[in-house]
Amino acid sequence: MRFKGKTAVVTGGTSGIGKETAVRLVKEGAEVLFTGRDESRAEQALQDLEKLGGRAYFQQQDVTKTEDWLRVVEQVEKTFGRLDVLVNSAGVFTYGAIEDTTYEEFKNVWRSNVDSVLLGMKHLLPLLEQASGVASVVNVSSLSGVMGHPDCVCYCTSKAGSLMLTRVMALEAAPKVRVNAVAPGPVWNELLERAHAGQNKEEMQEYYRESQPMKFLGDSSDVANGILYLASDAARYVTGTIFRIDAGRGAD
Amino acid sequence: MANQSRVQDMVAVVTGAATGIGFASSKALLEEGATVLMTDIDESNLNRSYKELSALGSSVSSSFLDVTDENAWQVIMDRVIKDYGRLDILLNNAGVVSHSLLRDQDMDAYQRIVDINVNGVFLGSKSAILTMRANAGDGPPRGSIINMSSIGGKRPLQTLGAYCTSKAAVANLTKALAIECAEKREFIRVNSIHPGNTKTSMTETIYGNDYFEDEANYKSVPLGGHGIPEDVAEAVVYLASDEARMVTGSELTIDGGLSVILAGRN
Ligand SMILES: NC(=O)c1ccc[n+]([C@@H]2O[C@H](COP(=O)([O-])OP(=O)(O)OC[C@H]3O[C@@H](n4cnc5c(N)ncnc54)[C@H](OP(=O)(O)O)[C@@H]3O)[C@@H](O)[C@H]2O)c1
Ligand SMILES: NC(=O)c1ccc[n+]([C@@H]2O[C@H](COP(=O)([O-])OP(=O)(O)OC[C@H]3O[C@@H](n4cnc5c(N)ncnc54)[C@H](O)[C@@H]3O)[C@@H](O)[C@H]2O)c1
């Protein structure tokens, strides 16, 4: 129970890594407010969390919108009064060569993956600073922000942006708030299922497994494990770190 | 956290386990359910530390080991297999430091740093990989090797040139081994930890006993204050455990944010 008595906000909590992180935080004792746009998926997540006997709340939110963040702030003030943990997991994945990429699309991906993180920290920092101990922010970036891939200019650029945002914010928010990022390689979850809908699932999993140095294809829990370490007081001397969870891909 | 047993029934060898980070890591692994063989060249501190941990439970043992001695590694690995039948975790933690400008560097001290910090990690990793392979049974070999680098392995630190050189080598050796094992379709994970200012006998040797009493000495650390060996031990447990089954060739930095600032100066 590393998070007993702690309060947390998790964006992207309706699916994938964010959902798994919210569940794990609740299991380890935290009270969690999770957000997302899709209320119907939230129902399921909320039921799962309540089954665990934990305290979980949902707030509908578009992470690219300031007014939605202000409503989250209001909700956190009302429900928790302060904040110990913020996990920015909401994000979108796209690919495509630059000639097929519109400027509008580029800006949308940037808004979803970078503006979202900036807004989250900007608006929740005052509440994080009121935490009884040192509060912790974990941003879910990507290995694609560390190394580039062809035909992936929007996503790679945005994820590199969120990594630098993490480092700068680590300096600005110290010493009251720690700010770190995880940089996951591909993990099999809702995101990849969606990206490869209509294709043969076993073949796609095999493709991703074989494309890693260590022939292992993880799932959302592998990323959540790293997020929980960084979010917990076990990492009380860790800030500004970018931690790869990538089966060795980024070391190659 | 103590009764979560995150490395239950795993067998670990820790080098430089007599004091500091090696001792704290041995303790944390033991508390999380592992069997731990503590090794060091400093026999008197090793004995004292071993006694302290054996009061916590019976699954700890200790042995003299100079990490630069290739034959001694073989003896240690034979003993681990004879006593416990397997090896899951190796923490290559033994390390030494010398304080000097590179242009004034004493060559004996330099050679000692390379022998212990780099060659010791090479020998330990090689012995562990061979042992993990030989005892894998039917499935692919598995295990977690954790190498203690430093923020000095990522950024140059003034008057610690030889040390930084050795720790940068450890960081890259780690990645090379991670890829090598992965490409053999093994699940032997190899990662490095990069501590910043951590209060141990090593840093007290470099900076003097009262260094850590004076906040002014680390006012440039964004989080303020200094680390303690337990901060590093927490990372060791995470990387050793199955929670990190997807983590290999990674660096974990525990420095209060100091390297972010140093990067800015480069
Ligand atoms: N899966 C991977 O292999 C992988 C690898 C590296 C990095 N990542 C990163 O991990 C993070 C989480 O991804 P995932 O794998 O968990 O994907 P996912 O299952 O598609 O989840 C994405 C989440 O983000 C939310 N979201 C997206 N845009 C939003 C917006 N404008 N406002 C509010 N919520 C929004 C979605 O909720 P709603 O639809 O309900 O709004 C959903 O809960 C992302 O940042 C992704 O880039 C994933
Ligand atoms: N303390 C810090 O601030 C800091 C920062 C970054 C990295 N590190 C690294 O962490 C590791 C542990 O350091 P520590 O701070 O706990 O120092 P420490 O001096 O307390 O421990 C080092 C141990 O290594 C042992 N050792 C030295 N030579 C050996 C050899 N040839 N064979 C076997 N054992 C040997 C010593 O006897 C000692 O017990 C080192 O690799 C060090 O470089 C420490």
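From a predicted model like this one, the values you see are computed outputs, not experimental measurements. (Residues numbered from 1 in each chain as written. Chains lettered and ligands numbered in written order. Predicted model: local features only at pLDDT ≥ 70, side-chain atom pairs only at ≥ 80, totals over all residues. Heavy atoms only, no water.)

1. Points about the sheet that holds strand β3 (residues 56–60) of chain A
Residues and elements named next belong to chain A. Pairing is parallel across the open sheet formed by 7 strands, whose spatial order is β3-β2-β1-β4-β5-β6-β7. The sheet is open, and its two edges are formed by β3 and β7 (242–245), each paired on a single side. Strand-to-strand twist across the sheet, computed as the mean angle between neighbouring axes with direction ignored, equals 20°. In this sheet, β3 lies alongside strand β2 (residues 31–36) in parallel orientation, the contact comprising 5 bridges. Bridge pairing in β3 links V32 to A56. Set on the sheet, helix α1 (residues 16–27) makes contact with β1 (7–11), β2, β3, β4 (85–88) and β5 (135–140); between it and β1 the angle comes to about 165°. Contacting β1, β4, β5 and β6 (177–184), helix α4 (residues 103–128) runs over the sheet at an angle of about 175° to β4. (Pairing = 2+ DSSP bridges. Helix = DSSP H or I, 4+ residues; strand = E, 2+ residues; numbered from the N terminus. Axes fitted to C-alpha atoms, helices over the stretch in contact; angles between N-to-C directions. Contact = heavy atoms within 4.5 Å.)

2. Focus: the packing of helix α1 (residues 20–31) of chain B against helix α7 (residues 229–240) of chain B
Residue and element names in this part refer to chain B. It is the contact of α1 with α7, at a shortest axis distance of 8 Å, that shows an interaxial angle of 50°. One element, α1, and the other, α7, form an angle in the oblique class. Considering only the axes of α1 and α7, their crossing is right-handed. Mapping the contact onto sequence places G20, I21, A24, S25, A28 and L29 in α1 and P229, E230, V232, A233, V236, V237 and A240 in α7. Taken together, the residues of the contact of α1 with α7 break down into 10 nonpolar, 2 polar and 1 charged. (Parallel < 35°, antiparallel > 145°, perpendicular 65-115°, else oblique. Left-handed = near helix turned anticlockwise from the far one by under 90°. Nonpolar A, V, L, I, M, F, W, Y, C, P; charged D, E, K, R; others polar.)

3. Here's the deal with unusual backbone geometry
At the junction of A174 of chain A and P175 of chain A, the peptide bond is cis and its omega measures out at 0° in the coordinates. Its identity is not glycine, yet D9 of chain B carries a phi of approximately 65°, on the positive side. Looking at the secondary structure, you find D9 of chain B in the segment before β1 (11–14). A positive phi angle, close to 65°, is found at T159 of chain B, a residue other than glycine. Its place among the elements puts T159 of chain B in the loop between β5 (142–148) and α5 (161–183). Since its relative accessible area comes to 25%, T159 of chain B is described here as partly exposed. (Buried < 20%, exposed > 50% of the residue type's maximum accessible area, 1.4 Å probe, protein only.)

Worth remembering: the numbers are spatial, not functional.
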